[in-house]
Amino acid sequence: MDERTAKRQQPKQIAPERVARMFERLRDGVPDYDFDESFSPFHSSYDNWHYIGRSKPSKDKPAVIVPGLTQSTDVSRPHSSRTKSDYSASDDASVSTVTSPAGDYPKQRWVVARVSKHTLRLEREYKQALSLRKLSDDDNIHFVKPLSFHRLPPKQPGDKALAVSMVEAPGRDYLKDLVIMGPNNYRASGEAWMQEGQAPVPLLTFLNFAIGASECCEILHHAHGQVHGEIRSDAFHYNRETNIVKLINFGSGARSFEHGLTSAGWSSLTAERGVEHKLQFIAPEQTGRLPAEPDSRTDIYSLGIIFWTMLTGRPAFAGSTPLEIMQNVLARRIPPATSIRSDVPDAISSVIQKMTHKSIEDRYNSASGVKHDLVSLKKILTDGDTEALSNFKVATHDVSSFFKLPSHLVGRSEQRQTIIDVIERAARRFARSQPLSKKGLMSLNSGAASLTSSDRFESMLLDDVISDSTSSDTGNRLSRLNSISEITPVTSRTHDGMTAEGNAVGGHFGRQGFGSTESGLSSVQSGMSQLSVARENGHRP
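For clarity, every value in this text was computed on a predicted model and none was experimentally measured.

Criteria and cut-off values
Residues numbered from 1 in each chain as written. Predicted model: local features only at pLDDT ≥ 70, side-chain atom pairs only at ≥ 80, totals over all residues. Heavy atoms only, no water. Helix = DSSP H or I, 4+ residues; strand = E, 2+ residues; numbered from the N terminus. Buried < 20%, exposed > 50% of the residue type's maximum accessible area, 1.4 Å probe, protein only. Contact = heavy atoms within 4.5 Å. Areas by Shrake-Rupley, 256 points an atom, 1.4 Å probe, with all protein chains shown as cover. Core = buried A, V, L, I, M, F, W, Y, C linked by side-chain atoms within 4.5 Å. pLDDT = per-residue confidence, 0-100. Phe/Tyr/Trp six-rings, centres within 6.5 Å; stacked < 30°, edge-to-face > 60°. Lys NZ or Arg CZ within 6 Å of the ring centre and 35° of its normal. Polar contact = N/O pair within 3.5 Å; in protein donor to acceptor, adjacent residues only side chain to side chain. Expected span 1.5 Å × (residues − 1). 1 Å grid on protein atoms, 1.4 Å probe; cavity = no way out; pocket = protein on both sides within 12 Å on 5 of 7 lines; lining within 4 Å. Points joined across faces, edges and corners; volume = space filled by probe spheres on them. Nonpolar A, V, L, I, M, F, W, Y, C, P; charged D, E, K, R; others polar. Salt bridge = Lys/Arg side-chain N within 4 Å of Asp/Glu carboxyl O. Axes fitted to C-alpha atoms, helices over the stretch in contact; angles between N-to-C directions. Parallel < 35°, antiparallel > 145°, perpendicular 65-115°, else oblique. Left-handed = near helix turned anticlockwise from the far one by under 90°. Pairing = 2+ DSSP bridges.

(A) How the structure looks around the overall build of the protein. Scanning the protein from terminus to terminus reveals 17 helices and 11 strands. In the protein, buried positions account for 45% of the 541 residues. For the protein, the share of sequence-separated contacts (at least 6 apart) that also reach a separation of at least 24 residues comes to 70%. Accessible surface, the protein: about 27800 Å² in total, of which carbon and sulfur atoms supply 53%.

Right under this line is the structure:
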């Protein structure tokens with residue numbers, strides 16, 4: 001590992017004055033919320049900074065003190081080293097109300113401010129989350145709840161134009177303790193999240209998260225017809241106390257890496273911090289090196305990589321450089337989880353292997369099929385049914401709800417054979433005419449008048465007639481044709497309209513193959529007569 005790569009793998013520490021300046025800009029640009037400096041902001045692999053805050057009480061209604069939430073919002077207090085948030089014991093604490101004789105007063109809602117310099121991307125994610133919540137997720141389970149969107153223009157030297165997306169805080173994220181988040185997921189203090197070598201994740205905890213994550217993808221794919229395209233570890237939020245999984249980060253679609261994997265975008269992509277971790281979750285078809293087009297099964301592949309990483313506690317693909325990781329993504333399959341962790345059942349390993357198949361046609365067709373198998377395995381393991389576990393078969397209820405054109409012909413064997421025969425005949429004709437493609441013969445073609453497409457077809461057919469009228473000894477004929485000497489092109493025309501160059505070639509053929517010039521010309525005339533008859537009978541090329 002070179003020095004540049006090693007530097008990208010190390011957590012990044014942000015200067016305290018920059019963090020203080022960011023809190024100041026948030027208080028000025030987003031005045032409806034109080035941001036708590038006791039919570040250290042953290043960075044995600046989607047290049048967003050996250051700041052914790054609470055909504056301010058309404059001016060015409062008094063604030064309601066929520067039991068268990070006693071944190072002060074006084075920003076003048078000393079900075080705390082506490083980093084894990086206990087701002088909500090459950091999701092309900094941030095949305096419920098308290099009834100009093102004066103009326104219903106909202107609690108102070110815990111919020112997260114996502115700050116990014118990628119203004120258009122963050123705005124698109126905000127509108128996408130707003131649309132998903134509006135259409136199908138009123139129960140606040142599967143997707144993060146957006147609240148407002150703001151822009152922070154630069155006001156001092158060194159400031160950058162930023163965008164802020166305010167979302168409802170879903171509670172403590174236990175996922176950071178269960179799976180590797182990569183070096184691009186770190187706190188402002190420079191402290192990284194889980195690294196390799198941590199304690200293995202319990203199977204029941206894994207299944208609870210896997211089922212919830214599959215359900216999020218199922219709703220995204222089937223209810224909304226969208227593809228995430230950038231599923232990684234921190235795309236989800238997992239509350240282990242309630243077993244609720246939320247999709248909190250959104251990608252740019254199936255072609256998210258289309259620009260980054262080009263020759264022009266590769267240099268900028270490889271310069272990003274933690275790019276080695278990001279490349280772990282790219283599906284092979286997203287590289288552009290395969291004929292398959294990315295679709296919803298691309299998300300299934302990336303989700304399978306998360307599952308494998310969670311169970312094994314290590315990256316799926318090894319490599320000291322981004323290029324090595326890309327090569328492994330295309331060429332190598334991840335080993336079964338059972339070969340690394342013996343307590344993982346073969347059935348769970350088979351589900352992950354099918355999810356992460358290199359060929360998109362051999363994966364699960366839908367996230368619904370993945371969820372069905374995971375739910376079934378959870379029930380089998382809970383009941384302790386060893387026989388059902390050993391006889392479990394994957395993808396028995398995997399049916400896609402999308403119409404996809406097959407990559408191979410079905411029920412068209414006769415038509416396929418017809419096409420193959422045409423191609424083979426053309427290849428044989430080309431092979432027979434190939435020895436004639438000497439420099440002198442090419443000069444004949446270039447020196448003649450411009451031919452139409454039908455004239456070229458006649459010339460090819462004429463070659464067939466000449467070849468068929470020669471000796472039956474194919475090997476000798478080819479050897480004679482290969483021994484044709486180079487003929488100096490003669491461009492002067494004769495009285496019959498043929499070039500002298502053509503007469504010279506015809507005479508040469510007569511000496512080499514036909515025995516005389518007259519017999520060679522007779523064969524040519526016979527071929528032209530056959531061609532004229534074929535045209536009169538309506539046979540067109």
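(B) Quick peek at the nonpolar core. Counting residues in each nonpolar core, the largest one holds 65 residues, and the members touching the most others are F206, F209, F236 and F307. Judged by nonpolar contacts, the second largest core, of 19 residues, contains M22, Y33, V111 and Y186.

(C) Quick peek at the confidence of the model for the protein. The predicted model of the protein has a mean per-residue pLDDT of 75, with 65% of residues at 70 or higher. With pLDDT under 50 throughout, residues 448-459 is counted as low confidence; its partners more than four residues away or in other chains account for 8 contacts. Of the regions scoring below 50 in pLDDT, residues 461-521 engages in 67 contacts with residues more than four places distant in sequence or in other chains.

(D) Region of the structure containing the packing of aromatic side chains. Enumeration according to the criterion identifies 9 aromatic pairs in this entry. Their ring planes at 85 degrees and their centres at 5.7 Å tell us that W49 and Y186 sit as a pair that is edge-to-face. Residue W49 is found in strand β3 (residues 49-55), and its partner Y186 is found in strand β9 (residues 186-187); the two are separated by 137 residues along the sequence. Ring geometry for Y126 against F149: centres 5.7 Å apart, planes inclined by 40 degrees, an arrangement best described as tilted. Of this pair, Y126 sits in helix α3 (residues 119-136) while F149 sits in strand β7 (residues 146-152), and the two are 23 residues apart along the sequence. Grouped by ring-pair contacts, the aromatic residues F206, F209, F236, Y238 and F307 constitute a single cluster. Lying over the aromatic face of Y46, R232 brings its terminal NZ or CZ to 4.2 Å of the ring centre.

(E) Quick peek at the side chain of S38. Position of S38 among the secondary structure elements: in the loop between β1 (33-35) and β2 (42-43). For S38, a relative accessible area of 4% gives the class buried. A distance of 2.7 Å separates the side chain of S38 from the side chain of D36, its partner in a polar contact.

(F) A look at helix α4 (residues 203-223). The terminal C-alpha atoms of α4 lie 29 Å apart, and with 21 residues this matches the ideal 30 Å at 1.5 Å per residue to within 8%. Count one or two residues on from α4 and you reach G225, which has phi positive near 65 degrees.

(G) Highlighting the layout of surface pockets. By volume, the second largest pocket is sized at about 1200 Å³. Along its surface, the second largest pocket is lined by 38 residues, and H43, D47, S116, K117 and H118 are the ones closest to its centre. Where the lining of the second largest pocket is concerned, the elements lending two or more residues are α2 (16-29), β3, β6 (110-116) and α5 (263-270). Looking at the lining of the second largest pocket element by element, the count peaks at 5 residues for α2. When its residues are assigned to classes, the lining of the second largest pocket shows 12 nonpolar, 12 polar and 14 charged.

(H) Structural detail: the side chain of E123. Along the chain, E123 falls in helix α3. Residue E123 is classed as buried on the basis of its relative accessible area of 18%. Sequence-distant contacts of E123, defined by excluding residues within four places in its chain, comprise F149 and R151.

(I) Broad picture of the pattern of salt bridges. One pass over the full model with this rule turns up 18 salt bridges. The salt bridge involving E123 is made with R151; its shortest N-O contact spans 2.6 Å. In this pair, E123 sits in helix α3 while R151 sits in strand β7, placing the two residues 28 residues apart along the sequence. Because the salt bridges share partners, they merge into one network encompassing R121, E125, E230 and R232.

(J) Summary view of the packing of helix α7 (residues 296-312) against helix α9 (residues 346-355). Put simply, α7 and α9 touch, their axes get as near as 8 Å, and they point 140 degrees apart. By the criterion of interaxial angle, the relationship of α7 to α9 is oblique. In the crossing of α7 with α9, the sense of the turn from one axis to the other is left-handed. Two secondary-structure elements touch here, α7 through I300, Y301, L303, G304, F307, W308 and L311 and α9 through I348, I352 and M355.

(K) Representation of α2 within the structure. For α2, built from 14 residues, the straight-helix expectation of 20 Å at 1.5 Å per residue is met to within 8% by its first-to-last C-alpha distance of 20 Å. All of the buried residues in α2 are V19, R21, M22, F23, R25 and L26. Here the buried face of α2 lies against β1, β3, β6, β7 and β8 (162-168).

(L) Representation of the pairing of β3. Taken across its 7 residues, β3 has 7 buried, putting it largely inside the fold. In the sheet, β1 pairs with β3 via 3 bridges, with the strands oriented antiparallel. When the bridges of β3 are listed, F35 appears paired with G53. As defined by bridge partners, β2 adjoins β3 across 2 bridges and the pair is classed as antiparallel.

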